[in-house]
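Architecture and fold: a report
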Amino acid sequence: MIRKRIIISLWLIILVVLVGCSSENNDVQLNTIVYGLTLEPSGIDPHIYQSAELGIVLRSVYDTLVYRDPETLEIIPGLATSWVLSDDGLSYTFSLREGVTFHDGTPFNAQAVGANLDRIVDPETASQRAKFMLGPYVGYEVIDEYTIRIDLSQSYIPLLDAFSQVYLSIASPTAFNEYSRNRYQFFQVGTGPFRFVEYVPNDRIVIRRWEDYTWGPTFYDLPVDNSVEEIIFRFFDDEATRLLAIESGDVNVMGELPPTDARALGGNSQVQLLPVDVPGQPLQFMFNTQQFPTDNPIVRQALIIATNRNAIVDTVFQGFSSVAWGPLSEGSLFYNRQMVGVYEHNAQQARELLAAQGFVDGDGNGFLDAPNGDVEIVLIVPPWGRVPQVVQLLQDQWRDVGIRVQLDQVPNFNLLREAVDAGEYNLVSFDTPGIDPALLNDYFITSGVRNWMGYSNPELDAILQEAVVIADDSQRRLLYLEAQRLIMNNALILPIREYRNLNATDSTIEDLQFDAYGWFPILNNVRLTTSG
């Protein structure tokens, strides 16, 4: 009997030891935080997908060849220590950092960079963003183990900006060659300060600090005892749950709070609100210039003037955002301040402009007459960016000047594209964040992949094409100032508000900052408070 008890006791001891060693997740000494994401990305491979949400997680898993300093916006070294632009502007030669390894032990070198470029441009990858960020890329040559030359068909100055973004992260060739296109997103391997631990769809993504990391950009702090070591990302698709989650302590950080919830946090001393301006395009609607009645530039101008953007910002965004006046937000390079105040709200002037084009309410039903009934404007409405709330106010404001509005709501990007391809719309909402205004080329050049306006202007084409090949910033500035003027003179878009990312942290979080692009947290620097 005594021997039996001894055997059972020995097995219990062994079991306790085994359980204690079975998983890193049971290491109670980890400094762990929970980060709330507002939605689960449709996919999180940066070379394939284009959502901002994937960057919130992966900015810390991967390094990029270069970075933008969050304070100065200057391009600074990353995995590349230096670079040289050829005299003809057709190639960049990058000198790469030595002594870097991926989380799986694969050495980082020029061959690894080349393999990433091959993957991004491979048609089977079906890249939604990264491939297009490379501009006129045609190939590369590995000069030696730590030198690579990237070749272009024409000069493309925004390439360095592209290489600073998470979508052109450098991944382990060993890892992405081991897994299929769809499975790699569950087993991602970078060289960043955190390694990818797991992705459980509809539940969580986990990343954990990599202790061997020593080569970060200058704005990365060295880890200390209270640095965060593990981040568990959870999904909060229902925005009604986000405020409760941060106030109850279920999460330590919550991104993209609804503006009404952010306003409600004003009286909570245990939660800090962190608004972050996002450069790039504002929340905007693009006019279809091929569809009646927005094929008429005077009608487009009237609709902009009929829009009370101040009321939209105050009502929908609770005053946290600024009114947008043009195709670029204020934090973008070469922002044209002369756009401020263009197309101020004036409902009476809008009515007069429409009347001058022959649009009157002949039957007295409150709507202007068209050849086959009332004038009707069709808006394609995606679910993000609080666009559904914005269009409700637009519907009321435009009704006041005699315009009937039909809302075509689409639940995701793929169905938005289908609606755009069908062509039966007058306005569609879509925009791109970023710092370099080269992003305008996708929208306003005749052949642009997002020229959903159907607009063609040889003068605007020439300006935008020249602006990406000239290295001199003063010349680029003049070109982009003129491009913004032309876009608004022709009333190609209805800008609504400048993006501001509303984040919140509880009292345990210190030093949460965001990168130059506004959406992506610098999680390497986050610490847990040691007070109290």
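Since we're looking at a predicted model, the values are computed, not measured.

Helices and strands together make up the secondary structure of the protein, namely 16 helices and 22 strands. By the compact-globule yardstick of 24 Å for 532 residues, the protein fits well, its C-alpha radius of gyration being 26 Å. The principal-axis extent of the C-alpha atoms belonging to the protein is close to 105 × 60 × 40 Å. Across the 532 residues in the protein, those meeting the buried criterion constitute 55%.

So, on to the pairing of strand β6 (residues 137-144). Relative to strand β7 (residues 147-152), β6 is paired through six bridges, and the arrangement is antiparallel. Its bridge partner being in β7, Tyr-137 is matched across the sheet by Leu-152. What sits between β6 and β7 in their antiparallel hairpin is a turn of two residues.

Think of it this way: side chains of opposite charge can pair up when their charged atoms draw near. In this structure the tally under the stated criterion is 18 salt bridges. Here Asp-203 and Arg-234 are joined by a salt bridge, their closest N and O atoms 2.8 Å apart. With a gap of 31 residues between them, Asp-203 in the loop between β8 (194-200) and β9 (204-209) and Arg-234 in strand β10 (residues 230-235) connect regions that are remote in the sequence. In this structure, a network of salt bridges that share partners links the residues Glu-198, Asp-203, Arg-204 and Arg-234.

Here we come to the nonpolar core. Within the largest apolar cluster, 157 residues are counted, with the highest numbers of intra-cluster contacts made by Phe-285 and Trp-398. Leaving out residues up to four positions away in the same chain, Trp-398 has contacts with Leu-303, Ala-306, Thr-307, Ile-377, Leu-379, Ile-403, Val-405, Leu-427 and Leu-494. Counting 16 residues, the second-largest nonpolar core is a separate cluster that includes Phe-236, Met-254, Phe-320 and Ala-504.

What follows deals with the sheet that holds strand β19 (residues 493-497). The five strands are arranged β17-β16-β18-β13-β19 in an open sheet whose pairing can be described as mixed. With one partner strand each, in any of the chains shown, β17 (404-409) and β19 form the two edges of the open sheet. Between one strand and the next, the sheet's axes are offset by a mean angle of 20 degrees, whatever the strand orientation. With two bridges connecting them, strand β16 (residues 376-381) and strand β18 (residues 427-429) associate as parallel partners. Across the sheet, the residue bridging to Leu-379 is Leu-427, located in β18.

Topologically, Gln-284 is positioned in strand β13 (residues 283-287). Of note is the side chain of Gln-284, whose polar atom sits 3.0 Å from the backbone oxygen of Phe-430. Contact partners of Gln-284, with chain neighbours within four places excluded, come to Val-428, Ser-429, Phe-430, Asp-431, Tyr-443, Ile-493, Leu-494 and Pro-495.

This part is about helix α3 (residues 110-121). Here α3 spans 17 Å end to end across 12 residues, near enough to the 16 Å set by a 1.5 Å rise per residue. The buried fraction of α3 is high, at nine of 12 residues. Buried residues of α3: Ala-110, Ala-112, Val-113, Gly-114, Ala-115, Asn-116, Leu-117, Arg-119 and Ile-120, and no others. Where α3 is buried, its residues contact β5 (91-96), α4 (130-133), β6, β7, α5 (159-163) and α6 (173-178). N-cap assignment for α3: the residue whose side-chain oxygen lies 3.2 Å from the backbone N of Gln-111 is Asn-109.

Before going further, it helps to examine the environment of Arg-242. In this structure, Arg-242 sits in helix α7 (residues 242-248). Its relative accessible area of 8% is what places Arg-242 among the buried residues. In sequence terms Arg-242 and Phe-187 are 55 residues apart; their C-alpha atoms lie 28 Å from each other. Excluding its chain neighbours within four sequence positions, the residues that come into contact with Arg-242 are Thr-38, Phe-236, Asp-237, Met-254, Glu-256, Leu-257 and Pro-258. For Arg-242, the side chain forms a polar contact with the main-chain oxygen of Phe-236, separated by 3.0 Å. Polar side-chain contacts of Arg-242 include one of 3.3 Å to the backbone oxygen of Asp-237.

Glancing now at unusual backbone geometry. Look at the link from Phe-292 to Pro-293: it is a cis peptide, with omega at 0 degrees. Here Pro-293 lies in the loop between β13 and α9 (297-305). One non-glycine residue with positive phi stands out, namely Ala-126, at about 55 degrees. Looking at where Ala-126 falls in the secondary structure, it is placed in the loop between α3 and α4.

With that out of the way, let us pick up the packing of α9 against helix α11 (residues 347-356). Axes are the key here: two packed helices are described by the angle between their axes and the distance separating the axes. Contact geometry of α9 with α11 gives a least axis separation of 8 Å together with a crossing angle of 165 degrees. Classified by the interaxial angle, the pair formed by α9 and α11 is roughly antiparallel. Pair α9 / α11 crosses with left-handed handedness. In contact with Ile-298, Val-299, Ala-302 and Ile-305 of α9, α11 contributes Ala-347, Gln-349, Ala-350, Leu-353 and Leu-354. Broken down by class, the residue content of the contact of α9 with α11 amounts to eight nonpolar, one polar and no charged.

Attention shifts here to the environment of Arg-208. Among the secondary structure elements, Arg-208 is positioned in strand β9. Measuring from C-alpha to C-alpha, the distance between Arg-208 and Glu-229 comes to 5.7 Å, with 21 residues separating the pair along the chain.

Turning our attention to the environment of Thr-214. By secondary structure assignment, the location of Thr-214 is in the loop between β9 and β10. Classification of Thr-214 by relative accessible area gives exposed; the value is 68%. A sequence separation of 114 residues divides Thr-214 from Val-100, and the C-alpha atoms of the two residues are 8.5 Å apart.

This brings us to the confidence of the model for the protein. Taken over all residues, the pLDDT of the protein has a mean of 92, while the share at 70 or more is 94%. Across residues 1-25, where pLDDT falls below 50, the model places seven contacts with residues more than four positions away in sequence or in other chains.

The next subject is the packing of aromatic side chains. All told, the structure shown has 20 aromatic pairs when counted by the stated rule. Ring centres of Tyr-35 and Phe-233 lie 5.4 Å apart, and the angle between their planes is 45 degrees; on these two criteria the pair is classed as tilted. In this pair, Tyr-35 sits in strand β1 (residues 32-37) while Phe-233 sits in strand β10, placing the two residues 198 residues apart along the sequence. You can call Tyr-35 buried: its relative accessible area is 1%.

Scoring rules and cut-offs
Residues numbered from 1 in each chain as written. Predicted model: local features only at pLDDT ≥ 70, side-chain atom pairs only at ≥ 80, totals over all residues. Heavy atoms only, no water. Helix = DSSP H or I, 4+ residues; strand = E, 2+ residues; numbered from the N terminus. Rg over C-alpha atoms; globule rule 2.2 N^0.38 Å. Buried < 20%, exposed > 50% of the residue type's maximum accessible area, 1.4 Å probe, protein only. Pairing = 2+ DSSP bridges. Salt bridge = Lys/Arg side-chain N within 4 Å of Asp/Glu carboxyl O. Core = buried A, V, L, I, M, F, W, Y, C linked by side-chain atoms within 4.5 Å. Contact = heavy atoms within 4.5 Å. Axes fitted to C-alpha atoms, helices over the stretch in contact; angles between N-to-C directions. Polar contact = N/O pair within 3.5 Å; in protein donor to acceptor, adjacent residues only side chain to side chain. Expected span 1.5 Å × (residues − 1). Parallel < 35°, antiparallel > 145°, perpendicular 65-115°, else oblique. Left-handed = near helix turned anticlockwise from the far one by under 90°. Nonpolar A, V, L, I, M, F, W, Y, C, P; charged D, E, K, R; others polar. pLDDT = per-residue confidence, 0-100. Phe/Tyr/Trp six-rings, centres within 6.5 Å; stacked < 30°, edge-to-face > 60°.

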